Amino acid sequence: MRTQKTAPARRTVRARKAEHLHEAGTADEFPAAVRGTSPLRFLRAALARIPLPLRGLRPRLLAAFVLVAMASALGTGLLAFREARTGVLQQSQDSVIHQFRTSVNAVAPYLTTTPDRSNLQSAVNQVLYANPSSGWRVMATSGRLRVYAPSADFDEPSPALRRSARDRRAAVFQRVNVDGRPRLVVGMPITYTSGQGTEPRLSGVVMYLEVPQNTEEAYVKAMVSGIERATLVALSLAVVLALLAASGVLRPVRALRGATRRMAAGHLDVRLAVTGSDELADLSRSFNETAAELERTVGELRRLESQARRFVADVSHELRTPLAAMSAVTDVLDEKALRLEGETGDALRLISEGTGRLSGLVNDLMEISRFDAGAVELNRDEIDLAESVRRTLASRGWQGQVETRLPGPGELRARVDPRRLDVVMANLVGNALRHGAPPVRLTVGVREEGAGVAWAVIEVTDNGPGIAEEAMPHVFERFYKASTSRTRSQSSGLGLAITAENVRLHGGRVRAANLPRGGAVFTVELPLLRDDTDTHADTDVRGGAR
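S.K.: Could you give an account of the sheet that holds strand S11 (residues 453-461), with specific residues and numbers?
M.R.: Hydrogen bonds between backbone atoms are what pair the strands of a sheet, whose relative direction is either parallel or antiparallel. Ordered in space as S8-S10-S11-S13-S12, the five strands form an open sheet in which the pairing is mixed. Of all strands in the sheet, those bounded by a partner on one side alone are strand S8 (402-405) and strand S12 (509-514). For this sheet, the mean inter-axis angle between neighbouring strands, taken without regard to orientation, is 20°. The pairing of S11 with strand S13 (residues 520-527) spans seven bridges and is antiparallel. Along S13, the bridge assignment pairs Ile-458 with Val-524.

Right, here's the structure in full:
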């Protein structure tokens, strides 16, 4: 009788225990916002809960680098661990099976065809004696007969292992855990041949070996510890590299942000330094091209605007001299037109009216050109606002056409330019009389704000159809006088534009709105507590008559 001399690992049978963890849950265990939503919506909802500072480019780059490094380190570590563990266990397994086969081959010739207990016990003792320092436990079976060495505390092999060892002609093995300790169990069937060239036959005797694998388990634990340390080192390096990479990527982004802010502040000559040939370099190059084109376009627009302003100023100045002579002539013609009847008188009155309107237009254009050139200065004086308003109405004969609600004498005083305040009040009241309907009301009051700041509030209201909604954003634009609900204006269309500029020079605010009951309301707010020096507002308010 002889044993089978080959025991390839690929022909062995391995029995493994698998634990399946089942988790049951109902719909009530999940948030209501998640039920019935797609994974994409759930992801968006989760991202929306992330604080805004953590959604920046730097945190995302850092997270991406760390995740990639973690996945790489863990993947490499798991692969290395699996290969090393397989190598250690395979080497240990092959060595144990080879020693066990050698020992079984040595005792197999002394076994009878139907061995008894003493014969099997002797064979088991000889196998154990040949390997005294390996911690082996040996068991031999023949039918229902079983013998053990060195004691009968041999753990029962699994049914799959016993079946494979009984039916196959090669050694089989199985790794098991006994009380948390790894062990290797090997089943070695003994075969015999009846003659040369015949196929080996099973004798029915099977030798089993149980050997501890504490050394191999220590090797595996040492590998796990080493892989953990290597993973921590890899993650630390990944964080450092992520910070460096994020700094390199964000440097041109920060430069671009600073350049755009400078451009928004009016510095159109700002440019970025272009280095490299990557996407960020292309972005910087595109920004420089855009900035150059914007600077050229804005420069051209400013040049054209300057030419237009100079043209208006020059035309107004050139028209002023002949208009002065024409006005003198029309004054004489007005006296004659009073004594003339018929077509001659009508023609003279028409010429006088047209000359007056043209003179007013030239004066308005001259005023606008001074605003554009920045040549307007305020001559402030402390005056009684109520008295100033009364003089404006009296000088134009509007006392009986305007209802006033004014403070008492000396109750409301402010430092303003009296002439420009007169222009503001005349434009607003005249605008209400021309385009609105009686009664026209004028109210002057005070509005207090915190920190000792107060405003003089002047409101001019009428009872007309109001301002069309589409015209509301344009009422303070130059030459704008379009409201289909009102009679067509014969003015220059610059009155409200000049009003807005004068209010702005005082550091005040002017706005237009419609009253709920009908009619328009124009509100002027002038600061009361200001320094003696002339203060210009930062904004450039422009508009036209309604």
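The structure having been displayed, the exposition proceeds.
S.K.: Can you break down the pattern of salt bridges residue by residue, with the values?
M.R.: Between side chains of opposite charge, a pair can form when the charged atoms approach closely. Counted according to the given criterion, the structure contains 19 salt bridges. Between Arg-285 and Asp-282 there is a salt bridge whose closest N-O contact spans 2.8 Å. Residue Arg-285 and its partner Asp-282 are both found in helix H6 (residues 279-339); the two are separated by three residues, about one turn of the helix. Since its relative accessible area comes to 33%, Arg-285 is described here as partly exposed. Taking the relative accessible area as the measure of exposure, Asp-282 reaches 38% and is therefore partly exposed. With a shortest N-O distance of 3.1 Å, Arg-447 and Glu-525 are connected by a salt bridge. Here Arg-447 is found in strand S10 (residues 440-449), whereas its partner Glu-525 is found in strand S13, with 78 residues between them in sequence. On the accessibility criterion, Arg-447 (29% relative accessible area) is partly exposed. Here Glu-525 falls in the buried class, since its relative accessible area comes to 3%. Each of the salt bridges in this network shares a partner with another, and the network as a whole consists of Arg-447, Glu-449, Arg-509, Arg-511 and Glu-525.

S.K.: Account for the pairing of S10, with residues named and values stated.
M.R.: Note that S8 and S10 share four bridges and pair parallel. Bridge pairing in S10 places Val-402 opposite Val-440. Across nine bridges, the pairing between S10 and S11 is antiparallel. Note on S11: the bridge partner recorded for Thr-443 is Glu-459. The loop that links S10 with its antiparallel partner S11 comprises three residues; one of these, Ala-451, has a positive phi angle of about 60°.

The rules behind these values
Residues numbered from 1 in each chain as written. Predicted model: local features only at pLDDT ≥ 70, side-chain atom pairs only at ≥ 80, totals over all residues. Heavy atoms only, no water. Pairing = 2+ DSSP bridges. Helix = DSSP H or I, 4+ residues; strand = E, 2+ residues; numbered from the N terminus. Axes fitted to C-alpha atoms, helices over the stretch in contact; angles between N-to-C directions. Salt bridge = Lys/Arg side-chain N within 4 Å of Asp/Glu carboxyl O. Buried < 20%, exposed > 50% of the residue type's maximum accessible area, 1.4 Å probe, protein only.

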